[in-house]
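# Observations on chain architecture
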Amino acid sequence: GLETIQKIRNSFNLNAEELPIMLLHSSSDDEKIINICEKNGVRIRMVKPIKMQDLFNKLTKINKPHEPEIKENQKPGELNNQLYKILVAEDNIVNKLLAKTVIERILPNAIVYEANNGLEAVSQFRLIKVDLILMDLQMPEMNGYEATQNIRLIEENGLHTPIIALTAGNVVGEKEKCLAIGMDDFVAKPFVEKDLSDMFSKWLINKQVNTLIQNQNEEPVRFNNEKVRDFMGNDIETIKIVLNLTVKEIQSADDNFKKLISDSNPNLVAIKALGHKLYGTAAGTGLEILALLARKIEWLEKVDQKALKKLYKELNKEVELSKILIYNELAGF
């Protein structure tokens, strides 16, 4: 998508006022995205899955180029008036003070807890129900990767606390590893106030878009029909179109996954890409358990034939159950 934006600007010589461009993406606002958007006049960015009403709101402002950059789904005062509990796991005293200072500017009512290493972070997590964790990767006694894995193991069923990695930003494969072991996002150090503000907007205010569990006291459901109605603005005709397309897409994913793992040397990159695409489909249509499985596929680190076959059985079963529920929903219109 970023390459396409650059080619459009270079090939047709149309500026942002003549041809507005909106970027739809599923990752955080990392440095590459920000730089390319600024260079090519992309003022509007939206994280998927996208609600119809939010898209409508963005489109109504698209021909107002002199307004400041449009922020995603954030109402004035909605972020900084809330009481949030933030855990900062960082062994560098300067970085820790910087993080705490920036957090208090963005979230004046926040309570900031501190941990000097991964062991302390896990211990704090056991005692306190925090809303978000900023996790340094290189810490003594227990690093950020190990701490994250331990936290994920002790989380209660249905609970998911966003963990944001504090990365060096230039280590090859570091961001991918963060996501693979269970972190939700990453911020490159040294960070600025905007970096954390965007991250808090994404994972605190818009948590319903970025997590599969809207109510942290409930298990993810097989088909959350209220979610798809919410995304589509309760437009019945649009919902019908989307659900029929969803059936085709998840069946296609099932067929393609089966084909990929039947190869004697499965292509890990293709498998992970399939998981990424399936996640977008499932998360946007309320198929919460299927979306969890898609994430597992997307975050696979190695090819293991036995594990892949087991994962396919889970996927195939979930696809079939999801199709039945979608057909039942369509029959009710």
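Residues numbered from 1 in each chain as written. Predicted model: local features only at pLDDT ≥ 70, side-chain atom pairs only at ≥ 80, totals over all residues. Heavy atoms only, no water.

### Some thoughts on the overall build of the protein
For the protein, the count of helices and strands is 14 helices and 7 strands. Looking at the 333 residues of the protein, the share that counts as buried comes to 45%. Sequence separation of at least 24 residues holds for 65% of the intrachain contacts in the protein that already meet a minimum separation of 6. Carbon and sulfur atoms make up 52% of the accessible area of the protein, which amounts to about 17,600 Å² in all. (Helix = DSSP H or I, 4+ residues; strand = E, 2+ residues; numbered from the N terminus. Buried < 20%, exposed > 50% of the residue type's maximum accessible area, 1.4 Å probe, protein only. Contact = heavy atoms within 4.5 Å. Areas by Shrake-Rupley, 256 points an atom, 1.4 Å probe, with all protein chains shown as cover.)

### Here's the deal with the packing of helix α11 (residues 236-262) against helix α12 (residues 268-284)
Where α11 meets α12, the closest approach of the two axes is 10 Å, and the angle between their N-to-C directions is 165 degrees. Here α11 lies roughly antiparallel to α12, going by the angle between them. Between α11 and α12 lies a crossing whose hand is left-handed. Across the interface between the two elements, T246, E249, I250, A253, N256, F257, L260 and I261 from α11 touch A270, I271, L274, K277, L278 and T281 from α12. The residue makeup of the contact of α11 with α12, split by class, is 9 nonpolar, 3 polar and 2 charged. (Axes fitted to C-alpha atoms, helices over the stretch in contact; angles between N-to-C directions. Parallel < 35°, antiparallel > 145°, perpendicular 65-115°, else oblique. Left-handed = near helix turned anticlockwise from the far one by under 90°. Nonpolar A, V, L, I, M, F, W, Y, C, P; charged D, E, K, R; others polar.)

### Thoughts on the packing of helix α13 (residues 288-298) against helix α14 (residues 305-331)
Packing of α13 against α14 leaves a shortest axis separation of 10 Å and a crossing angle of 150 degrees. Here α13 lies roughly antiparallel to α14, going by the angle between them. Helix-helix and strand crossings are classified by hand; for α13 and α14 the assignment is left-handed. On the side of α13, the interface is formed by I289, L290, L293, K296 and I297, while α14 contributes L311, E314, L315, E318, V319 and S322. Its residues placed into classes, the contact of α13 with α14 shows 7 nonpolar, 1 polar and 3 charged.

### Side note on α11
Spanning 27 residues, α11 covers 39 Å between terminal C-alpha atoms, matching the ideal 39 Å at 1.5 Å per step. Among the residues of α11, I239, V242, L243, T246, V247, I250, Q251, A253, D254, F257 and I261 are the ones counted as buried. Packing partners of the buried residues in α11 comprise α10 (225-231), α12, α13 and α14. Its side-chain oxygen at 3.3 Å from the backbone nitrogen of E237, D235 defines the N-terminal cap of α11. (Expected span 1.5 Å × (residues − 1). Polar contact = N/O pair within 3.5 Å; in protein donor to acceptor, adjacent residues only side chain to side chain.)

### Considerations on the nonpolar core
Across soluble globular proteins, you tend to see nonpolar side chains buried next to one another. Judged by nonpolar contacts, the single largest core of 32 residues is most densely connected at F257 and L290. Of all elements in the fold, only α10, α11, α12, α13 and α14 reach the threshold of two or more residues within this core. Examining the composition of this core, we find that 8 residues originate from one element, α11, more than from any other. Residues contacting L290, with those up to four places away along its chain left out, are I250, L278, A282, L315, E318, V319 and S322. Of all hydrophobic cores here, the second largest spans 22 residues; its members include I128, V130, M135 and A147. (Core = buried A, V, L, I, M, F, W, Y, C linked by side-chain atoms within 4.5 Å.)

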